[in-house]
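# Notes for the structure review
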2 protein chains.
Amino acid sequence: MQMIPVECVVRNIAAGGLVKRLGVEEGIALTPPTFELFLKNDEKGDPMINESLAETFGWATPEQLAKMKVLTFKVNHILKALFAEGDMLLVDYKLEFGVFKGEVVLGDEFSPDGCRLWDANTREKLDKDRFRQGLGGVIEAYEEVGRRLGITFPA
Amino acid sequence: MQMIPVECVVRNIAAGGLVKRLGVEEGIALTPPTFELFLKNDEKGDPMINESLAETFGWATPEQLAKMKVLTFKVNHILKALFAEGDMLLVDYKLEFGVFKGEVVLGDEFSPDGCRLWDANTREKLDKDRFRQGLGGVIEAYEEVGRRLGITFPA
């Protein structure tokens, strides 16, 4: 698979980079959910881009970007409901795509490393922010996410 | 007029913030020209946004953004030709819009403060970058732009 160097981010609730960049309040509901593109470029810190830049620089075609957007929102629809069953809020997440046999397909894992999950009642963070913000209990949080989704762990 | 807090930027040649943010080479032609949106927010340094964020946060409606994009590219078409007649390259520019009697209209000046202009042959900078980059000769450059456009100055 040929990876597309563009990350798709959907946000249902304001947090993380969005709050830092725009100065909006953490925790507010985003209606409709937002969609952003970021260039995968470690040296430049994965800068925000948009469809126009992706097309001009050849990072992705308009058709690929349209497909990526549809797929990213489809994932939101499915996973928001899945996490809600486990009393969790899907705050935001990123997805990466690639081209396989001419088709745009998901090209990356989905895990608490690439999304934000909060307890629906206490808003306790159950994702990588525990590590990023030095909150501790990273492994316990990830295991808790798994338990709430009905995943059993090997002893 | 009610100003819309979103700047529209069109780039024909890579320079300035784009080069810094994305690590692309200054001076390369952008084909097709790129289109970006920035939030007018001094405290946050006018961060890049996109249509989705503008809609969700209520900064501009999708209809307003579509109109702003069309108008911004129309300006590019006209001004690129105008500056070319004076042997200048219109590298990039920003425009701001407002709503007046229900219509989206241009709500800001167009000057070398809000655009980049290079001499078409030497690529000498004839805009605010002279000031930003400490190159000196700002007033002379602005007067030169005026002269090339056939504007006569009062003695």
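Residues numbered from 1 in each chain as written. Chains lettered and ligands numbered in written order. Predicted model: local features only at pLDDT ≥ 70, side-chain atom pairs only at ≥ 80, totals over all residues. Heavy atoms only, no water.

### A short note on the environment of B:Cys115
- Tracing the backbone shows B:Cys115 in strand 6 (residues 115-119).
- If near-sequence neighbours (up to four positions away) are discounted, B:Cys115 is found in contact with B:Leu90, B:Asp92, B:Tyr93, B:Phe110 and B:Asp127. (Helix = DSSP H or I, 4+ residues; strand = E, 2+ residues; numbered from the N terminus. Contact = heavy atoms within 4.5 Å.)

### A closer look at the relation of the copies chain B and chain A
- Each copy superposes on the other: chain B lies on chain A with an RMSD of 0.0 Å after a rotation of 180° and an axial shift of 0.0 Å. Expressed as a symmetry operation, the mapping of one chain copy onto the other fits a two-fold axis.
- Take the interface residues of chain B: 100% of them recur as interface residues in chain A, which is what a same-surface contact looks like. (Least-squares fit on C-alpha atoms with pLDDT ≥ 70 in both.)

### Things to note about helix 3 (residues 62-85) of chain B
Residues and elements named next belong to chain B.
- The terminal C-alpha atoms of helix 3, which comprises 24 residues, lie 35 Å apart, in line with the 34 Å expected from a rise of 1.5 Å per residue.
- Turning to helix 3, its buried residues are Gln64, Leu65, Met68, Thr72, Asn76, Leu79 and Phe83.
- Just downstream of helix 3, aspartate 87 is the residue with a positive phi angle, here 60°. (Expected span 1.5 Å × (residues − 1). Buried < 20%, exposed > 50% of the residue type's maximum accessible area, 1.4 Å probe, protein only.)

### Quick notes on the state of the cysteines
Residues and elements named next belong to chain B.
- Overall, the coordinates contain 0 disulfides over all chains when judged by the stated rule.
- Here cysteine 8 is not disulfide-linked; the sulfur of cysteine 115 is the nearest cysteine sulfur, at 15 Å.
- With a relative accessible area of 0%, cysteine 8 lands in the buried category. (Disulfide = S-S within 2.5 Å.)

### With respect to the nonpolar core
- Ranked by internal contacts, the top residues of the largest apolar core, which has 71 residues, are A:Ile49, A:Trp59, B:Leu22 and B:Ile49.
- If near-sequence neighbours (up to four positions away) are discounted, A:Trp59 is found in contact with A:Ile4, A:Pro5, A:Val6, A:Leu39, A:Ile49, A:Leu53, A:Ala54 and B:Leu22. (Core = buried A, V, L, I, M, F, W, Y, C linked by side-chain atoms within 4.5 Å.)

### Quick look at the pairing of strand 2 (residues 29-39) of chain B
All names here are of chain B.
- Relative to strand 2, strand 1 (residues 2-13) runs antiparallel, the two sharing 7 bridges. Opposite cysteine 8, over in strand 2, you have leucine 37 as the bridge partner.
- One ladder, built from 2 bridges, connects strand 2 with strand 3 (residues 48-49); its direction is antiparallel. Within the sheet, the bridge partner assigned to leucine 37 lies in strand 3 and is isoleucine 49. (Pairing = 2+ DSSP bridges.)

### A few points about the packing of aromatic side chains
Residues and elements named next belong to chain B.
- Using the criterion set out here, one finds 8 aromatic pairs over all chains in the structure.
- Aromatic pair phenylalanine 35 and phenylalanine 73: ring centres 5.7 Å apart, planes at 35°, arrangement tilted. Linking phenylalanine 35 in strand 2 with phenylalanine 73 in helix 3, this pair joins segments that are 38 residues apart in sequence.
- Residue classification places phenylalanine 35 among the buried positions, given a relative accessible area of 3%.
- The exposure class assigned to phenylalanine 73 is partly exposed, which follows from its relative accessible area of 27%.
- Consider the rings of phenylalanine 57 and tryptophan 59, whose centres lie 4.9 Å apart with planes at 20°: the pair is stacked. (Phe/Tyr/Trp six-rings, centres within 6.5 Å; stacked < 30°, edge-to-face > 60°.)

### Describing the interface of chain B and chain A
- Contact with chain B, which involves 28 residues of that partner, is made by 28 residues of chain A.
- Together chain B and chain A conceal approximately 2,100 Å² of surface at their shared face, both sides included; 67% is due to carbon and sulfur atoms.
- Counting the contacts that link chain B with chain A gives 0 salt bridges.
- Viewed at the interface, chain A and chain B are joined by 8 residue pairs in polar contact (both at pLDDT 80 or more).
- Only helix 1 (16-22), strand 2, strand 3 and helix 2 (51-56) of chain B provide two or more residues apiece to the side of chain B that touches chain A.
- Counting residues per element, the side of chain B that touches chain A draws most heavily on strand 2 of chain B, at 8 residues. (Buried area = accessible area lost by both parts, 1.4 Å probe. Salt bridge = Lys/Arg side-chain N within 4 Å of Asp/Glu carboxyl O. Polar contact = N/O pair within 3.5 Å; in protein donor to acceptor, adjacent residues only side chain to side chain.)

### Examining the environment of A:Leu95
Residue and element names in this part refer to chain A.
- Residue placement: leucine 95 occurs in strand 4 (residues 88-100).
- Here leucine 95 falls in the buried class, since its relative accessible area comes to 1%.
- The spatial distance from the C-alpha of leucine 95 to the C-alpha of glutamine 133 is 22 Å, given a sequence separation of 38 residues.
- Among all residues touching leucine 95, those that are not within four sequence positions of it are Val6, Glu7, Cys8, Thr72, Val75, Leu106 and Phe110.

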